[in-house]
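This is what each chain is made of:
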Amino acid sequence: MRDVGMSESAGEPGTVQGVVEEDGPARPRPDRSRPKGLERPKRQPGDGKARWYRPLTVVTDTCGIGVPLAAALEADAQEMPVVGGLVGAGVWAAVRAMRGRYAEQRLGESWGVLAAVRDWVLFAGLLALALVLSDLENGPRPTPALVALVPGLLLTATVAPLTRLHLNRQRREARAVRRALVVGEPASVDQVVGRLASRTDHPYVVVGAVPVGFQALGCGMPVMDRLTPLTSDHSQDADVVLRAVEASGAEVALVVPGLRMTGERLRHVSWALHGAGLQLAVVPGLAEVAEARVRPSSAAGLTVLQVAPPAQEFGQPWLKSLLDRTGALLGLMALAPLLGGLALAVRCSSPGPVFHRQTRCGQGGRPFTMWKFRTMVADAEARRAELAPDAAGRHNGRMFKMRRDPRVTRLGAVLRRLSLDELPQLFNVLLGDMSLIGPRPPLPDEVARYSRTEHRRLAVKPGMTGLWQVSGRSDLSWDETVALDLWYVDNWSVAADVLIMTRTLRAVVDGRGAY
């Protein structure tokens, strides 16, 4: 079976995740040697995360706060500035540690930018409170002390994404992964294995399955054993799973609850696994939901997963709108000479207007006029119908795209490759029709053919750039484009927008998929 997936993100959707199969592994086949008894399987070289993740994070945190704070205290003529810097660094490290930022299972698993901001706000509040309670006449001035904390935030917010990128690269090479056994009903096992096989931004490589019942698996995963469909002796279930763990060399069991994989069966399996020093993870069936949106709670002894709506905390919708308008205004002011030069070049390169105006659908399907620099001949829209059959064979989906569109001018091809033709859309962002980050704005005739699922793309404002832009652009299939847009709609945040914006420059310079 060939593994296919989307490009790396955030996160967000990632690239291909291999699974071990009978016909041939997408990743190197893990060691199947039997553990002695039912002890925890020994980790193989390369299974764990890089050992420098935690030391780098701790040193960056402490130095990023301690050194600037000590310098600020020295400049303020305070006594024992080094001690003050050490105390500040210790408190910052303590705040990070109490919030679990140094735990192995969390290092490298997220981009960490928003988490760093939250920790920093808490730390700054503690420092401000300490300054208020201290002797302000002889103590340090609040403003310089608080300003000295900014480098620490910037360093912490930089190291976390770098660690994440390194971990993703390791997992694409089948390193820093954990061998997993999937337990559940056959259809659920197939679904979980397929999802894990489509991406590499997670720590699991599946080495076997224990289906409930006797139905064949469609995923090609080795069947280590089977659970009987109905049984009252749940101790047998525990024995079956333990034997399968021993045979496969798995480190963790991924259990998918279902009609026949009941809570009582899961309870006995968990007792057996934990008694053998192994880990259990429950896969509830939620897909494409960011971890930050899920909150576990308890009700009447039941574990309840609460799924919050995307980005409603800390006034993020308001903040996104403010950043959009401010960024568009500053961008137009800074790029005014470039915009003028491009307009002159377009006007002189071929007959026709400088700008191409086109009706697109915005948030909620509301039509608006989108502006771009003209990159095609003047009668491009009239010639679209005769090119549509040829384009349909090259691009599957609702969007009309051709790799070598004969209507594109020479200058237009350069503008498209560098995405310079999109710059006039800053006016659309300033007017509130678009956002800096979001799904691409579709044409009305494309929206008319949308399915109910695809209409979900219109739940947010369209953007000048987005996951589509940084993940392959026009080289993506329609299904991949929709999947990326739906993930963004359901999980967007200001922190994710910042990461997408930083990745946009790399995608523009690379130029792949731009036509």
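Preceding this paragraph is the structure being described.
Let me begin by describing the structure that accompanies this report.

Rules of the game
Residue indices follow the written sequence of each chain, beginning from 1 at its first position. Confidence filtering applies because this is a predicted model: local features only for residues at pLDDT of at least 70, side-chain atom pairs given and counted only at 80 or more, and all residues used for totals across whole chains, interfaces and linings. Excluded from the side-chain calculations are hydrogens and water; all other atoms, namely the structure's heavy atoms, are used. Under the pairing criterion, centres of Phe, Tyr and Trp rings, with the six-membered ring standing for Trp, must be within 6.5 Å; the plane angle then separates stacked pairs below 30 degrees from edge-to-face pairs above 60, leaving the rest tilted. For the exposure calls, accessible area comes from a 1.4 Å probe over protein chains only, and a residue counts as buried if that area is under 20% of its type's maximum, exposed if over 50%, partly exposed in between. A run of H or I in DSSP counts as a helix once it spans at least four residues, and a run of E counts as a strand once it spans at least two, with each numbered from the N terminus. Think of it as a cone above the ring: NZ of Lys or CZ of Arg counts as a charge over the ring if it is within 6 Å of the ring centre and within 35 degrees of the ring normal. When DSSP finds two or more bridges between two strands, those strands count as paired. Whether a set of points on the 1 Å grid over the protein atoms alone is a cavity depends on a 1.4 Å probe fitting there but being unable to get out, while an open set qualifies as a pocket with protein on both sides within 12 Å along at least five of seven lines; lining residues are those with an atom within 4 Å of a point. Grid points are joined across faces, edges and corners, and a volume is the space filled by probe spheres set on the points. Basically, the charged four are Asp, Glu, Lys and Arg, the nonpolar ten are Ala, Val, Leu, Ile, Met, Phe, Trp, Tyr, Cys and Pro, and anything else, Gly included, counts as polar. In plain words, nonpolar cores are sets of buried Ala, Val, Leu, Ile, Met, Phe, Trp, Tyr and Cys residues tied together by side-chain atoms within 4.5 Å. Here, two residues are considered to be in contact whenever any of their heavy atoms come within 4.5 Å of each other. Residues forming no salt bridge and having over 30% relative accessible area are the ones grouped into patches, like charges within 9 Å of each other and nonpolar side chains (Val, Leu, Ile, Met, Phe, Trp, Tyr) within 5 Å. The accessible surface values rely on the Shrake-Rupley method and a 1.4 Å probe; as for residues, cover is taken only from the protein chains in view. Just to be clear on terms, a salt bridge is a Lys or Arg side-chain nitrogen sitting within 4 Å of an Asp or Glu carboxyl oxygen. Every angle, taken between N-to-C directions, lies between 0 and 180 degrees, and every axis is a line fitted to C-alpha atoms, over only the stretch in contact when it is a helix. For classification purposes, angles smaller than 35 degrees are called roughly parallel, those larger than 145 roughly antiparallel, those between 65 and 115 roughly perpendicular, and all remaining angles oblique. Each helix crossing is assigned a hand: it is left-handed if the near helix lies turned anticlockwise from the far helix by less than a right angle, otherwise right-handed if that turn is clockwise. When the strands point away from the viewer and the path from the first strand over the helix to the second turns clockwise, the crossover is right-handed.

1. Concerning the packing of aromatic side chains
And then number 1: In the structure shown here, the tally under the stated rule is four aromatic pairs.
And then number 2: Consider the rings of W52 and Y53, whose centres lie 4.7 Å apart with planes at 85°: the pair is edge-to-face.
And then number 3: The class for W52 is partly exposed, based on a relative accessible area of 38%.
And then number 4: Arranged with centres 5.4 Å apart and planes meeting at 15°, the rings of F355 and F373 form a pair that is stacked. With F355 in strand β7 (residues 355–361) and F373 in strand β8 (residues 367–373), this pair connects stretches of sequence that are 18 residues apart.
And then number 5: The class for F373 is buried, based on a relative accessible area of 2%.
And then number 6: Taken together, the aromatic side chains of F355, W371 and F373 make up a single cluster linked through ring pairs.
And then number 7: In this structure, K320 packs its charged tip against the face of W492, placed 5.4 Å from the ring centre.

2. With respect to the pairing of β8
Along any regular strand, the residues point their side chains to alternate faces of the sheet.
And then number 1: In the sheet, β7 pairs with β8 via seven bridges, with the strands oriented antiparallel. Bridge pairing in β8 links R357 to W371.
And then number 2: The loop that links β7 with its antiparallel partner β8 comprises five residues; one of these, G364, has a positive phi angle of about 75°.

3. Comments concerning empty space enclosed by the protein
And then number 1: Within this model, the largest cavity holds a volume of roughly 40 Å³.
And then number 2: As for the largest cavity, its lining consists of C361, G362, P439, R440, P442, R457, L458, V460 and P462.
And then number 3: Residue classes in the lining of the largest cavity are distributed as six nonpolar, one polar and two charged.
And then number 4: The calculated volume of the second largest cavity comes to roughly 30 Å³.

4. Regarding the nonpolar core
And then number 1: Counting residues in each nonpolar core, the largest one holds 30 residues, and the members touching the most others are F373, L467 and Y488.
And then number 2: Apart from the residues within four sequence positions on either side, F373 is in contact with L339, L342, A343, V346, V354, F355, H356, L415, L420, D421 and P424.

5. Overview of the environment of G90
And then number 1: By the secondary structure assignment, G90 is in helix α2 (residues 81–98).
And then number 2: Exposure remark for G90: the relative accessible area of 37% places this residue in the partly exposed category.

6. Some remarks on a nonpolar patch on the surface
And then number 1: Where nonpolar side chains cluster on the molecular surface, the patch consists of M80, V83, V87, V91, L122 and L126 and spans about 500 Å² of accessible area.
And then number 2: Elements that contribute at least two residues to the nonpolar patch include exactly α2 and α3 (113–133).
And then number 3: Here the element with the most residues in the nonpolar patch is α2; it accounts for three residues.
And then number 4: Since its relative accessible area comes to 38%, L122 is described here as partly exposed.

7. Digging into the pattern of salt bridges
And then number 1: This model, assessed by the stated rule, comprises 18 salt bridges.
And then number 2: Its salt-bridge partner being D485, residue R457 comes within 2.5 Å of it at the nearest N-O pair. Taken together, the positions of R457 in the loop between α14 (444–448) and β10 (463–465) and D485 in helix α16 (residues 478–491) put the pair 28 residues apart, joining distant regions of the chain.
And then number 3: One continuous salt-bridge network, built from bridges that share partners, spans D61, R96, R99, R101 and D119.

8. Topic: the packing of helix α1 (residues 53–75) against helix α5 (residues 150–172)
And then number 1: It is at 8 Å that the axes of α1 and α5 come closest, and there the two elements cross at 165°. By the angle between their directions, the pair α1 and α5 is classed as roughly antiparallel. With respect to the hand of their crossing, α1 and α5 are arranged in right-handed fashion. The segment α1 lies against α5, with Y53, L56, T57, T60, D61, G64, I65 and P68 engaging P151, G152, L155, T156, V159, T163, H166, L167 and Q170.
And then number 2: Of the residues belonging to the contact of α1 with α5, the class tally is eight nonpolar, eight polar and one charged.

9. Description of the pairing of strand β2 (residues 204–211)
And then number 1: A large share of β2 lies buried, amounting to eight of its eight residues.
And then number 2: Where strand β1 (residues 178–184) lies against β2, seven bridges are found, and the strand directions are parallel. Looking at β2, one finds that R179 is bridged to V205.
And then number 3: Remark: the β1/helix α6 (residues 186–197)/β2 crossover connection has right-handed handedness.

10. Topic: the sheet that holds β1
And then number 1: The four strands are arranged β2-β1-β3-β4 in an open sheet whose pairing can be described as parallel. Strand pairing shows two members of the sheet lacking a second neighbour, β2 and β4 (279–282), which therefore form its edges. With strand direction ignored, the average angle separating the axes of adjacent strands in the sheet is 30°.
And then number 2: Of the strand pairs in this sheet, β1 and strand β3 (residues 252–255) are connected by four bridges, and their pairing is parallel. Opposite L181, over in β3, you have A253 as the bridge partner.
And then number 3: Running at roughly 150° to β1, helix α7 (residues 234–248) makes contact with β1 and β2 of the sheet.
And then number 4: Helix-sheet contacts for helix α8 (residues 263–275) involve β3 and β4, and the interaxial angle to β4 is about 150°.

11. Observations concerning the packing of α7 against α8
And then number 1: Running from N to C, α7 and α8 point in directions that differ by 50°, and their axes come no closer than 8 Å. In terms of orientation, α7 and α8 fall into the oblique class. Considering only the axes of α7 and α8, their crossing is right-handed. From α7, H234, D237, A238, V241, L242 and V245 reach across to α8, where they touch E264, R265, H268, V269, A272 and L273.
And then number 2: The residue makeup of the contact of α7 with α8, split by class, is seven nonpolar, two polar and three charged.

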